[in-house]
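Understanding the architecture of this molecule
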Amino acid sequence: MNVVHAFRERIRGEVLTDDATLERYSRDASPFRVRPKAVVVAAVEEDVAAVVDICRDAEMTLTPRSGGTGLAGQSIGSGVVLDVGALPVVVQVAADGERVTASASATVDAVNAALEVYGRRLGPDLTSSDRARVGGIVATNACGAASHRFGRAADTLEAVEAILGTGERRVFEATPPPEGGGGLARASSGFVGDG
């Protein structure tokens, strides 16, 4: 099965196989280098599901990527790299400012800009906040240098909506903290803490 041909038939986003793109996506913020066979830049959520289906059927490895700011090589792979950074950005803050719903493509800075009016901010505290995206923060349980103050991603995550490798869409909900525990607010696909 030619996965590149299948991608081009089924998705609205870009399918890239040129040398310059493959070289660019062979690196992230880590010291590692792994060259992919193809890069798909998803334009809509349905692209993500289609890429998962095609890779599963072709038994091709799939590596999701959002901002590429991870330090451990999590966003590089030898099969297909699926870039979700171009998906529509969604940041919705509840009226009280204690909950935020954010798309995988939203940067930390975009979420913080929406929360600023409430005197709140997204934890974790990352130096790459202008490039780091919610998808990568959730996937890597990011924490940043000030994790003692702002916590790590999992500390304030309320729920994640995901497309599994089987193609199934699921919502995973976090276990609530103990009564009176935790000074951070719960969030939906994002994390909010006192700034």
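Model, not experiment: these values are computed from the prediction.

1. Considering the overall build of the protein chain
- Counting secondary structure elements, the protein chain contains 7 helices and 11 strands.
- Relative to its 195 residues, the protein chain shows a buried fraction of 43%.
- Nonlocal contacts in the protein chain, meaning residues at least 24 apart in sequence, comprise 56% of its contacts between residues at least 6 apart.
- Roughly 10,000 Å² of accessible area belongs to the protein chain as shown, and the carbon and sulfur atoms make up 50% of that amount.

2. Regarding the confidence of the model for the protein chain
- For the protein chain, mean pLDDT is 85; residues scoring 70 or higher make up 87% of the total.
- Ranking the elements of the protein chain by mean pLDDT puts strand S10 (residues 187-188) last with 39 and strand S2 (residues 38-41) first with 98.
- The low-confidence segment residues 180-195, where pLDDT is below 50, has 68 contacts with residues more than four positions distant or belonging to other chains.

3. Thoughts on the pattern of salt bridges
- Following the criterion strictly, the structure yields 10 salt bridges and no others.
- Of the charged contacts in the structure, one is a salt bridge between arginine 56 and aspartate 57, with a shortest N-O distance of 3.7 Å.
- On the basis of relative accessibility, which here comes to 36%, the residue arginine 56 falls in the partly exposed class.
- With relative accessibility at 53%, the residue aspartate 57 sits in the exposed group.
- Close ionic contact of glutamate 158 with arginine 99 constitutes a salt bridge, the shortest N to O distance being 2.8 Å. Taken together, the residues glutamate 158 in strand S8 (residues 157-163) and arginine 99 in the loop between strand S5 (91-93) and strand S6 (100-102) connect sequence positions 59 residues apart.
- For arginine 99, a relative accessible area of 43% puts it in the partly exposed group.

4. Things to note about the environment of threonine 107
- In this structure, threonine 107 sits in the loop between S6 and helix H4 (108-115).
- Along the primary structure threonine 107 and serine 66 are separated by 41 residues, whereas in three dimensions their C-alpha atoms are 9.3 Å apart.
- For threonine 107, the contacting residues outside a window of four places in its chain are Ser129, Asp130, Arg131, Ala132 and Arg133.
- Within polar-contact distance, the side chain of threonine 107 engages the backbone nitrogen of alanine 110 at 3.0 Å.

5. Regarding the nonpolar core
- Formed by 18 residues in total, the largest nonpolar core has its most connected members in Phe7, Ile11, Val40, Val48, Val51, Val80 and Leu82.
- Contributions of two or more residues to this core are made by helix H1 (3-10), S2, helix H3 (45-58) and strand S4 (80-83).
- Setting aside residues up to four positions removed in sequence, isoleucine 11 forms contacts with Val40, Asp47, Ala50 and Val51.
- In this structure, Ala102, Ala106, Ala132 and Val134 belong to the second largest nonpolar core, which totals 13 residues.

6. A short note on the pairing of strand S3 (residues 62-65)
- Burial along S3 is one-sided: the residues Thr63 and Arg65 are buried and none of Leu62 and Pro64 is.
- Pairing of S3 with S4, which is carried by 4 bridges, proceeds in the parallel orientation. Counterpart to proline 64 in the pairing with S4 is leucine 82.

So, how was this worked out
Residues numbered from 1 in each chain as written. Predicted model: local features only at pLDDT ≥ 70, side-chain atom pairs only at ≥ 80, totals over all residues. Heavy atoms only, no water. Helix = DSSP H or I, 4+ residues; strand = E, 2+ residues; numbered from the N terminus. Buried < 20%, exposed > 50% of the residue type's maximum accessible area, 1.4 Å probe, protein only. Contact = heavy atoms within 4.5 Å. Areas by Shrake-Rupley, 256 points an atom, 1.4 Å probe, with all protein chains shown as cover. pLDDT = per-residue confidence, 0-100. Salt bridge = Lys/Arg side-chain N within 4 Å of Asp/Glu carboxyl O. Polar contact = N/O pair within 3.5 Å; in protein donor to acceptor, adjacent residues only side chain to side chain. Core = buried A, V, L, I, M, F, W, Y, C linked by side-chain atoms within 4.5 Å. Pairing = 2+ DSSP bridges.

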